[in-house]
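Next come the chains, spelled out residue by residue.
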Amino acid sequence: MTEPQSPEVQSWIERSQRGDSQAFGQLVELYQSRIYAMILQMVRNEADAWDLSQEVFVRAWKSISRFEGRSSFLTWLFRISHNMVCDFVRSPKNSPRMMWEDYMEHEVAPEATISSQPSLPDEALQNSELGREIAQAIRLLSPEHQAVILLKEVQDLSYKEIAEATGTSLGTVMSRLFYARKQLQSYLSHARN
Amino acid sequence: MPEIKSLPKKSSDLFGEELDAETLAELEKVLAADSEMAENWLKISQDSNKIRSTIKSTCPKTIEPPAPEIFRQKIMSRISVEYVPLKSLDWDEDDFPSTTSVMSWDKWKMPLLVLGGLTMGLVLGSWWQAYHDSDLRRMRQMPVQKVRVEAPTYTIETKQEDRKSVVIPQKLPTPPAHYHYPER
């Protein structure tokens, strides 16, 4: 769950809605690192992530008068980011990504799932290796599945917040999360075997 | 679907976090609708604990963009020239339609009234036209009293043998006294 919005943040939002760009600058400073992290972890390219993050804040400024405060401001920014990244990834200008289904067709056969790993002597080394594998596995997920995994496991959003950020129902979030986790486990199981 | 019936009371056992009643109820609905999820949710969730902790340790929650000052300045320069939010203009909100909601009544009132008026006019016009049409049709279908005016016909019958034996008298015989000419 995201942290509750402080009165200071609330006043920045209200001032921004009245056209105070300096107050909006405070919001940019507060949230830029989280938005940039989320986008970078999805597009895996610093230049693209830099441009997309900028665009997110510009769009947020353009439509800030429509922000009604039903969700937190950060969740609202995640929603703009999610829409932009999905459009960006699907754009024909960008090189075609290898989707999970393609990977499964060519590389992976078994539908085994990974279970609790046996403890190794050097756990740090194991974690870094696993981290690389997980990063690779996340990249193979569809943008929608990537988004729910990153919003849940990295950004610590609740199910409801993820539903708001992705513009879907609670049930869809649960379903996407389940299948994304399953695909991750399947990939990691294959990678380890 | 054995897991559905035995969802633990304490949701943190399963998900690593407390779920509120609404979320838990929604999860039960989703599991009831998807047999694959119902059969594997518990296992996948439990097996994901290792992945979850690794994701948390390898994917940072915050990453500062390169050249953060330039990043911010560029945004500020773009927003200063691109757009001024509507609320910044000194309008009385009562004088201007609300923009907070797409479905705002104020925003759609006039177009809807005009559209409603046009529709009503069209319906009434059509009805009036139909009424008149039916009136005319009724008049056309009324039984017409046919009056046949027959011109008087005169037939002169002559017999072939009469033609031959016609003798034009020098003097028309005087009709008998009781003879009366037919009325014309």
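Residues numbered from 1 in each chain as written. Chains lettered and ligands numbered in written order. Predicted model: local features only at pLDDT ≥ 70, side-chain atom pairs only at ≥ 80, totals over all residues. Heavy atoms only, no water.

**Here's the deal with the interface of chain B and chain A**
One frequently used descriptor of interface size is the decrease in accessible area upon assembly of the parts. Each side of the interface is counted separately: chain B has 52 residues, and chain A has 60 residues. Across the interface of chain B and chain A, roughly 5,300 Å² is buried in total on both sides, 63% from carbon and sulfur atoms. For Arg 78 of chain B, the salt bridge identified is with Glu 55 of chain A, shortest N-O distance 3.1 Å. On inspection of chain B and its partner chain A, the count reaches 15 residue pairs in polar contact (both at pLDDT 80 or more). Only helix H3 (21-33), helix H4 (35-58) and helix H5 (68-82) of chain B provide two or more residues apiece to the side of chain B that touches chain A. Per element, the largest residue contribution to the side of chain B that touches chain A is 16 residues, and it comes from H4 of chain B. A per-class count over the side of chain B that touches chain A returns 23 nonpolar, 11 polar and 18 charged. (Contact = heavy atoms within 4.5 Å. Buried area = accessible area lost by both parts, 1.4 Å probe. Salt bridge = Lys/Arg side-chain N within 4 Å of Asp/Glu carboxyl O. Polar contact = N/O pair within 3.5 Å; in protein donor to acceptor, adjacent residues only side chain to side chain. Helix = DSSP H or I, 4+ residues; strand = E, 2+ residues; numbered from the N terminus. Nonpolar A, V, L, I, M, F, W, Y, C, P; charged D, E, K, R; others polar.)

**Remarks on the pattern of salt bridges**
Following the criterion strictly, the structure yields 12 salt bridges over all chains and no others. Between Glu 69 of chain B and Arg 72 of chain B there is a salt bridge; the shortest N-O distance is 2.2 Å. Placement of both Glu 69 of chain B and Arg 72 of chain B in helix H5 is noted, with a separation of 3 residues, approximately one turn of the helix. A cluster of three or more residues bridged by salt bridges with shared partners is formed by Glu 153 and Arg 181 of chain A together with Arg 52 of chain B.

**Side note on the nonpolar core**
Grouped together as the largest cluster of nonpolar side chains are 76 residues, with contacts concentrated most on Phe 24, Phe 57, Phe 73 and Leu 77 of chain A together with Ile 55 of chain B. When residues in this core are grouped by element, the largest group, 12 residues, is from helix H2 (residues 21-43) of chain A. Once you skip the residues sitting within four places of it in the chain, Phe 57 of chain A turns out to touch Phe 24, Leu 27, Val 28, Tyr 31, Gln 32, Ile 35 and Leu 77 of chain A together with Phe 71 and Ile 75 of chain B. (Core = buried A, V, L, I, M, F, W, Y, C linked by side-chain atoms within 4.5 Å. Buried < 20%, exposed > 50% of the residue type's maximum accessible area, 1.4 Å probe, protein only.)

**Regarding the confidence of the model for chain B**
Residues and elements named next belong to chain B. For chain B, mean pLDDT is 73; residues scoring 70 or higher make up 64% of the total. Within chain B, helix H1 (residues 2-5) has the poorest average pLDDT of any element, 45, and H5 the best, 87. Considering only residues more than four positions removed or in separate chains, one finds that residues 1-5, a stretch of pLDDT under 50, has 9 contacts. Confidence drops under pLDDT 50 across residues 90-100; counting only partners more than four residues distant or on other chains, this segment forms 12 contacts. Scored as a whole, the predicted complex attains pTM 0.61, and scored at its interfaces, ipTM 0.77. (pLDDT = per-residue confidence, 0-100.)

**Observations regarding the environment of Ala 38 of chain B**
Residue and element names in this part refer to chain B. Relative to the elements of secondary structure, Ala 38 occurs in helix H4. Judged by its relative accessible area of 0%, Ala 38 falls in the buried class. Considered as a pair, Ala 38 and Leu 27 are 11 residues apart in the sequence and their alpha carbons are 9.7 Å apart.

**A few points about the packing of aromatic side chains**
All names here are of chain A. If you walk through the whole model with that rule in mind, you get 11 aromatic pairs over all chains. When the ring of Phe 73 is compared with that of Trp 76, the centres are 5.5 Å apart and the planes differ by 40°; the resulting orientation is tilted. Taken together, the positions of Phe 73 and Trp 76, both in helix H4 (residues 73-90) and 3 residues apart, correspond to about one turn of that helix. Each member of the pair, Phe 73 together with Trp 76, is buried. Pairwise contacts between aromatic rings join Tyr 31, Phe 67, Phe 73 and Trp 76 into one cluster. (Phe/Tyr/Trp six-rings, centres within 6.5 Å; stacked < 30°, edge-to-face > 60°.)

**Some remarks on the packing of H2 of chain A against helix H7 (residues 143-154) of chain A**
In a packed pair of helices, the relevant descriptors are the angle between the two axes and the axis-to-axis distance. All names here are of chain A. It is at 10 Å that the axes of H2 and H7 come closest, and there the two elements cross at 140°. Classified by the interaxial angle, the pair formed by H2 and H7 is oblique. Crossing of H2 over H7 shows right-handed handedness. Contacts between H2 and H7 pair Met 38, Gln 41 and Met 42 from the former with Pro 143, Gln 146, Ala 147, Leu 150, Leu 151 and Val 154 from the latter. A class-by-class count of the residues in the contact of H2 with H7 yields 7 nonpolar, 2 polar and no charged. (Axes fitted to C-alpha atoms, helices over the stretch in contact; angles between N-to-C directions. Parallel < 35°, antiparallel > 145°, perpendicular 65-115°, else oblique. Left-handed = near helix turned anticlockwise from the far one by under 90°.)

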